[in-house]
Amino acid sequence: MFTRGAEEEKLDAVETALVSASQSADGKWIFRLADNSEWRQIDSGPVRFQNREGTEIRVRRAALGSYQLTAGRSRAVRVKRQ
């Protein structure tokens, strides 16, 4: 009733590979994945991961409409789809 346009597809989990990752001006990471999706870090914790094309990526649903992204064996990073 109060939605604008098509509702965003909800996903539970996705496993794919990293195409590239870069930091924005505010120091948050932006991850571009092989499935043509783009995810932006929304937490403020430091992220240490292998920023190399082909790194295994897992994105899973988290609380309050956000998701958690794990790159290889890194800690989970709270992200939002761009």
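Everything that follows concerns the structure shown earlier in this document.
Residues numbered from 1 in each chain as written. Predicted model: local features only at pLDDT ≥ 70, side-chain atom pairs only at ≥ 80, totals over all residues. Heavy atoms only, no water.

Participant: A description of the pairing of strand β4 (residues 56-61) should follow, citing residues and the corresponding values.
Facilitator: Taken together, the five bridges between strand β1 (residues 13-23) and β4 define a ladder with antiparallel strand orientation. Looking across to β4, one finds that A17 is bridged to E56. As defined by bridge partners, β4 adjoins strand β5 (residues 67-71) across five bridges and the pair is classed as antiparallel. From the neighbouring strand, R58 faces β5, where its bridge partner is T70. Linking β4 to β5, which pair antiparallel, is a turn of five residues; within it L64 sits at a positive phi near 55°. (Pairing = 2+ DSSP bridges. Helix = DSSP H or I, 4+ residues; strand = E, 2+ residues; numbered from the N terminus.)

Participant: For unusual backbone geometry, give the residues involved together with the corresponding values.
Facilitator: Residue N36 is not a glycine yet carries a positive backbone phi of 70°. Within the secondary structure, N36 sits in the loop between β2 (29-33) and β3 (38-41). Positive phi is not limited to glycine here, since L64 has a value of about 55°. By relative accessible area, L64 is classed as exposed at 90%. (Buried < 20%, exposed > 50% of the residue type's maximum accessible area, 1.4 Å probe, protein only.)

Participant: Provide a residue-level description of the side chain of S37, including the pertinent values.
Facilitator: Relative to the helices and strands, S37 is located in the loop between β2 and β3. Here W39 takes part through its side chain, which lies 2.9 Å from a polar atom of the side chain of S37. (Polar contact = N/O pair within 3.5 Å; in protein donor to acceptor, adjacent residues only side chain to side chain.)

Participant: Give a description of the sheet that holds β5 that names residues and reports values.
Facilitator: Through backbone hydrogen bonds, the strands of a sheet pair up, either in parallel or in antiparallel fashion. Taken in spatial order, the six strands of this closed barrel run β1-β2-β3-β6-β5-β4, and their pairing is antiparallel. The sheet shows a mean angle of 45° between the axes of neighbouring strands, taken without regard to direction. (Axes fitted to C-alpha atoms, helices over the stretch in contact; angles between N-to-C directions.)

Participant: How would you summarise the pattern of salt bridges if you had to cite specific residues and measurements?
Facilitator: Counted under the stated rule, the structure contains five salt bridges. Taking the shortest distance from any N to any O, the salt bridge between R58 and E15 comes out at 2.9 Å. Placement of R58 in strand β4 and of E15 in strand β1 is noted, with a sequence separation of 43 residues between them. R58 sits in the partly exposed class, given a relative accessible area of 36%. Taking relative accessible area as the criterion, E15 reaches 59% and is therefore assigned exposed. D26 serves as the salt-bridge partner of R40, at 2.7 Å between the closest nitrogen and oxygen. Placement of the pair is R40 in strand β3 and D26 in the loop between β1 and β2, with a sequence separation of 14 residues. Here D26 falls in the partly exposed class, since its relative accessible area comes to 48%. (Salt bridge = Lys/Arg side-chain N within 4 Å of Asp/Glu carboxyl O.)

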